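Architecture and fold: a report
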Amino acid sequence: MEYDAILIEPVLSEKSNIMREIGQYIFKVDARATKPMIMEAVAKTFNVHPVSCKVINVTSKPKRLRGRPGRTPEWKKAIVRLQKGETIRVFEGA
């Protein structure tokens with residue numbers, strides 16, 4: 001699996017902004033990706049050294065659209081912790 005296919009997009013929210021200050025970055029990742037694959041993709045893509053990775057499967061929730069019942073899509077979230085002092089410059093606005 002290619003590195004750009006593993007990391008789909010960063011998760012940008014208030015909580016992820018707070019976690020970024022302590023060196024943890026949140027990504028939406030491919031459902032088939034494993035922890036070592038995610039850590040290697042972050043290392044190769046952003047030239048940083050990940051220390052650990054937590055993976056969470058986000059389940060779907062029931063929703064309604066125009067009165068019809070439906071569900072939100074399921075997705076996989078990865079929280080990657082970097083070595084102390086390292087940052088991903090793309091997130092910092094530089």
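Small disclaimer: the values here were computed from a predicted structure and weren't measured.

Reading the values: the criteria
Residues numbered from 1 in each chain as written. Predicted model: local features only at pLDDT ≥ 70, side-chain atom pairs only at ≥ 80, totals over all residues. Heavy atoms only, no water. Helix = DSSP H or I, 4+ residues; strand = E, 2+ residues; numbered from the N terminus. Buried < 20%, exposed > 50% of the residue type's maximum accessible area, 1.4 Å probe, protein only. Contact = heavy atoms within 4.5 Å. Areas by Shrake-Rupley, 256 points an atom, 1.4 Å probe, with all protein chains shown as cover. Lys, Arg positive; Asp, Glu negative; His and termini not counted. Charge placed at Lys NZ, Arg CZ, Asp CG, Glu CD. Arc of directions from axis to C-beta.

**A word on the overall build of the chain**
Tallying secondary structure elements over the chain gives 3 helices and 6 strands in all. Shown N-terminal to C-terminal, the secondary structure of the chain runs as helices and strands in the order α-β-α-β-α-β-β-β-β. For the chain, the C-alpha atoms occupy an extent of roughly 50 × 30 × 20 Å along the three principal directions. Across the 94 residues of the chain, 30% fall into the buried class. Looking at the chain alone, contacts between residues at least 24 apart form 57% of all its contacts between residues at least 6 apart. Total accessible area computed for the chain in this model is approximately 6,800 Å², and 51% of it derives from carbon and sulfur atoms. On the chain, the mean spot of the 18 positive side-chain charges and the mean spot of the 10 negative ones are 9 Å from each other.

**Quick word on helix 2 (residues 14–21)**
Among all positions of helix 2, only Ser 16, Met 19 and Arg 20 are buried. Projected onto a plane normal to the axis of helix 2, the buried residues spread over an arc of 105 degrees and lie on a single side. Facing away from the buried surface of helix 2 by more than 90 degrees, the exposed residues are Glu 14, Lys 15, Ile 18 and Glu 21. The inward-facing, buried residues of helix 2 abut strand 2 (24–29) and strand 6 (75–82). Phi for Gly 23, located one or two positions after helix 2, is positive at around 90 degrees.

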